[in-house]
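Fold and geometry: a report
Now for the letters of each chain:
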Amino acid sequence: MNKDSQAILILCSNICVGDGLHPLKPSEWKKLAKQLAERNIAPSVLLELSKDEIINTLNCEEAYANRIIDLIGRSASLFFEVSKYENMGISLITRADSNYPKRIKQRLGESCPPYFFYTGDLNLLKKRSIGFVGSRTMLADDITFETNLVKNAINNKYAIVSGGARGADTISEEVALENNGRIIEFLSDSMIKKLRKSDIVKAIQNGKLLLLSVVNPDAGFNVGNAMNRNKFIFAQADAVIAIKSINRGGTWNGVIENLKKKY
């Protein structure tokens, strides 16, 4: 991991967050990254500055500089946790890395997340891909309809992009694995829990599955995280098929956001 990547993690990651410690939100990092770019300053430079130097460099208030200093102060414990994740097979990739998901960076622009946790072959991101989203409650006709579409996509050399949720997402993944397909999955909760499944581990080891997430690998389910995850599916895929939806909820809102922002 290069020094700029380390700086991004130190400033933005939710790992080892104690009382009163507030990592930069993606919107805050977006603003800071723009400031640094305008001044031709690499993110890693911030790690070497004193409080007064941060204030002068960023023209910011003392409270903000103190926040940066406090975040830098947790570096040792943060990277100790990162090493534990790496021992589980979970790595980190930041916007400062050359192999950060290019389509997401291009389509989300400055709104792309500062980093992803991942496990699997990042080369899958280079494949043409079709996303599958939909209701958690699927009837027999829905399942048949989706199964045929997924098989067709795989036969035409497309990877499958999914959010890993119960229902349409999971069905697309199961059909893909059964038919020697490739899968890119954006998780919204625990990656560690996912890696407890032997079929998932086997698929990752065989280069058929790539898991990515912006939430900590031990995070529980959160509706906000699930909704936020949707845009990554649309930004990564060449096209997305919504199998089934009512006019509210995650599937519906994800499609509407995509149509408005043209991911």
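Provided above is the structure to which this section pertains.
Because the structure is predicted, anything quoted here is derived from the model rather than measured. (Residues numbered from 1 in each chain as written. Predicted model: local features only at pLDDT ≥ 70, side-chain atom pairs only at ≥ 80, totals over all residues. Heavy atoms only, no water.)

**Structural notes on the sheet that holds strand β7 (residues 239-242)**
Spatial strand order, β1-β2-β6-β5-β4-β3-β7: seven strands in an open sheet with mixed pairing. If you trace the sheet from one side to the other, it starts and ends with β1 (91-94) and β7, each paired once. Direction aside, neighbouring strands of the sheet carry axes that sit 25° apart on average. Two strands pair when backbone bridges link them, and strand β5 (residues 183-187) and strand β6 (residues 209-213) are joined in this way by five bridges, in the parallel orientation. Its bridge partner lying in β6, Glu185 is registered against Leu211. Sitting on the sheet, helix α1 (residues 3-12) touches β1 and β2 (115-119), and the angle it makes with β1 is about 100°. The strands touched by helix α8 (residues 168-178) within the sheet are β3 (129-133), β4 (159-162) and β5, with β4 carrying the most contacts at an inclination of about 155°. (Pairing = 2+ DSSP bridges. Helix = DSSP H or I, 4+ residues; strand = E, 2+ residues; numbered from the N terminus. Axes fitted to C-alpha atoms, helices over the stretch in contact; angles between N-to-C directions. Contact = heavy atoms within 4.5 Å.)

**Observations concerning the pairing of β5**
β5 sits mainly inside the fold: five of its five residues count as buried. Residues Ile183, Glu185 and Leu187 point to one face of β5 and Ile184 and Phe186 to the other, with burial holding for every one of them. Pairing of β4 with β5 involves three bridges; the strand directions are parallel. Opposite Ile160, over in β5, you have Ile183 as the bridge partner. For the crossover from β4 across α8 to β5, the handedness is right-handed. (Buried < 20%, exposed > 50% of the residue type's maximum accessible area, 1.4 Å probe, protein only. Right-handed = clockwise from strand over helix to strand, strands pointing away.)

**Quick word on α8**
For α8, every residue scored as buried is listed here: Ala168, Asp169, Ile171, Ser172, Glu173, Val175 and Ala176. Contacts from the buried residues of α8 go to β3, α7 (140-155), β4, β5 and α9 (191-194). Following α8 by one or two positions, Asn180 has its phi on the positive side, about 60°.

**Considerations on the packing of helix α3 (residues 51-58) against helix α4 (residues 62-73)**
How two helices sit against one another is set out by the angle between their axes and by the gap between those axes. Two elements in contact, α3 and α4, have axes whose closest approach is 9 Å; the angle formed by their N-to-C orientations is 120°. By the angle between their directions, the pair α3 and α4 is classed as oblique. Note on packing geometry: the crossing formed by α3 with α4 is right-handed. Each of Lys51, Ile54, Ile55 and Leu58 in α3 lies in contact with α4, whose residues at this interface are Glu62, Tyr64, Ala65, Asn66, Ile68 and Ile69. Grouping the constituent residues of the contact of α3 with α4 by class yields seven nonpolar, one polar and two charged. (Parallel < 35°, antiparallel > 145°, perpendicular 65-115°, else oblique. Left-handed = near helix turned anticlockwise from the far one by under 90°. Nonpolar A, V, L, I, M, F, W, Y, C, P; charged D, E, K, R; others polar.)

**As for the packing of aromatic side chains**
In the structure shown here, the tally under the stated rule is six aromatic pairs. A centroid spacing of 5.7 Å and a plane angle of 45° characterise the contact between Tyr100 and Phe116, whose relative ring orientation is tilted. Highlighted residues: Tyr100 in the loop between β1 and α6 (102-108) and Phe116 in strand β2, separated in sequence by 16 residues. By relative accessible area, which is 2% here, Tyr100 ends up buried. Note on Tyr115 and Phe117: the rings are 5.7 Å apart at their centroids and 90° apart in plane angle, and the pair reads as edge-to-face. For Tyr115, a relative accessible area of 5% puts it in the buried group. (Phe/Tyr/Trp six-rings, centres within 6.5 Å; stacked < 30°, edge-to-face > 60°.)

Function cannot be inferred from these measures alone, as they are strictly geometric.
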